[in-house]
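A structural walkthrough
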Amino acid sequence: MRLKTIKPVLGSRIGSDAGLCLIKMKEKLTTLSLGKRMVFVISFWIYGSGFVASAAVSSERSSISSNPSLTRTLVEAIPLHRIIPGDRLDVKVAQDADLNTVALVDLAGMIRLQLIGNVAVGGLTTEEASEKVRLAYQKDYIIDPTISISIDTYGQQRFTVIGRVNRAGDFLFRANKSVNVLQAIAIAGGYSAEADPRKITVKRKVNGREEVYRLNGKEMAARQGVEVFAIKSGDIVTVGESLF
């Protein structure tokens with residue numbers, strides 16, 4: 001998601017306040033001696049700098065707090081965790097504490113709850129899962145239930161690194177953590193002496209079909225401030241061999 005850069009603009013209030021201060025300073029100077037005038041001007045300059053800086057910060061805070069769309073955009077830019085097999089969910093039912101439980105998400109993305117049985121929550125956010133469980137309880141058992149679902153323990157995701165690395169194999173990482181392809185290779189012991197960092201492939205299942213991504217690790221490592229290809233659960237990373 002691309003965020004627009006929003007520059008806070010100082011309002012007319014700052015301009016009018018600053019103008020009033022200048023008028024008062026002019027009136028004051030006419031009554032002072034030369035030496036006292038110099039002291040007064042220096043003091044006013046120091047105070048005025050602080051005033052403008054303080055007003056700028058205040059204006060910026062005001063523009064953000066009074067702009068709901070900006071606040072919403074910043075919140076939406078934060079990626080949400082989607083439930084995966086292995087996650088343990090803390091399920092709470094406000095109307096009946098006996099229904100509270102910690103449920104393990106199975107390989108099919110299901111959790112089993114009292115009264116309503118299996119509920120498919122894989123791929124949902126905790127908010128979406130809460131609403132789905134709420135509707136299930138409301139259908140036959142509880143009038144207008146209040147359901148809260150949170151992550152008790154994150155499940156682990158698996159990726160594989162093979163080819164010219166020092167420690168090929170399968171590796172696990174927590175679902176709430178991110179791993180990019182260069183980090184995955186480092187976890188696998190780094191490049192071997194025969195490796196060609198420019199020859200990296202990542203195989204990934206997308207909607208039942210295999211997709212292959214060809215990457216240049218040397219180029220990615222050299223670029224500063226650029227997001228590196230992110231690893232997903234089930235990815236197979238292969239580091240190619242150098243011809244020389």
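Here's a quick rundown of the structure. Only a predicted model underlies this, so the values are computations on that prediction, with no experimental measurement involved. (Residues numbered from 1 in each chain as written. Predicted model: local features only at pLDDT ≥ 70, side-chain atom pairs only at ≥ 80, totals over all residues. Heavy atoms only, no water.)

When its secondary structure is counted, the protein shows six helices and 10 strands. Buried residues in the protein amount to 28% of all 244 residues. Long-range pairs, those at least 24 residues apart, make up 51% of the contacts in the protein with a sequence separation of at least 6. (Helix = DSSP H or I, 4+ residues; strand = E, 2+ residues; numbered from the N terminus. Buried < 20%, exposed > 50% of the residue type's maximum accessible area, 1.4 Å probe, protein only. Contact = heavy atoms within 4.5 Å.)

So, about the nonpolar core. Judged by nonpolar contacts, the single largest core of 20 residues is most densely connected at Phe159, Val161, Val181, Ile185, Leu215, Ile231 and Val237. Mapped onto this core, the elements with two or more residues apiece are strand 6 (156-163), strand 7 (169-174), helix 5 (181-187), strand 8 (195-206) and strand 10 (236-241). Not counting residues within four places of it along the chain, the set of residues in contact with Val161 comprises Ala168, Gly169, Phe171, Ala184, Ala188 and Val237. Counting residues in hydrophobic clusters, the runner-up holds 18 residues, among them Leu99, Ile111, Tyr137 and Ile147. (Core = buried A, V, L, I, M, F, W, Y, C linked by side-chain atoms within 4.5 Å.)

A separate point is the sheet that holds strand 2 (residues 101-104). Strand order in the open sheet formed by three strands is 2-1-5, and the pairing between neighbours is antiparallel. Because the sheet does not close on itself, it has two edges, and the strands there are strand 2 and strand 5 (147-153). When the angles between neighbouring strand axes are averaged without regard to direction, this sheet yields 30°. Sheet topology places strand 1 (residues 88-93) next to strand 2; four bridges connect them, and they run antiparallel. The partner of Leu89 across the bridge, within strand 2, is Ala103. (Pairing = 2+ DSSP bridges. Axes fitted to C-alpha atoms, helices over the stretch in contact; angles between N-to-C directions.)

This brings us to unusual backbone geometry. Notably, Asp144 is not glycine yet its phi reads approximately 45°, a positive angle. With respect to the helices and strands, the residue Asp144 is situated in the loop between helix 4 (126-140) and strand 5. Unusually for a residue other than glycine, Asn207 sits at a positive phi of about 55°.

This paragraph deals with the sheet that holds strand 9 (residues 209-215). Pairing is mixed across the open sheet formed by five strands, whose spatial order is 7-6-10-8-9. Both edges of this open sheet fall to strand 7 and strand 9, since each of them pairs with a single strand only. Between one strand and the next, the sheet's axes are offset by a mean angle of 25°, whatever the strand orientation. Of the strand pairs in this sheet, strand 8 and strand 10 are connected by five bridges, and their pairing is antiparallel. Opposite Thr201, over in strand 10, you have Thr238 as the bridge partner.

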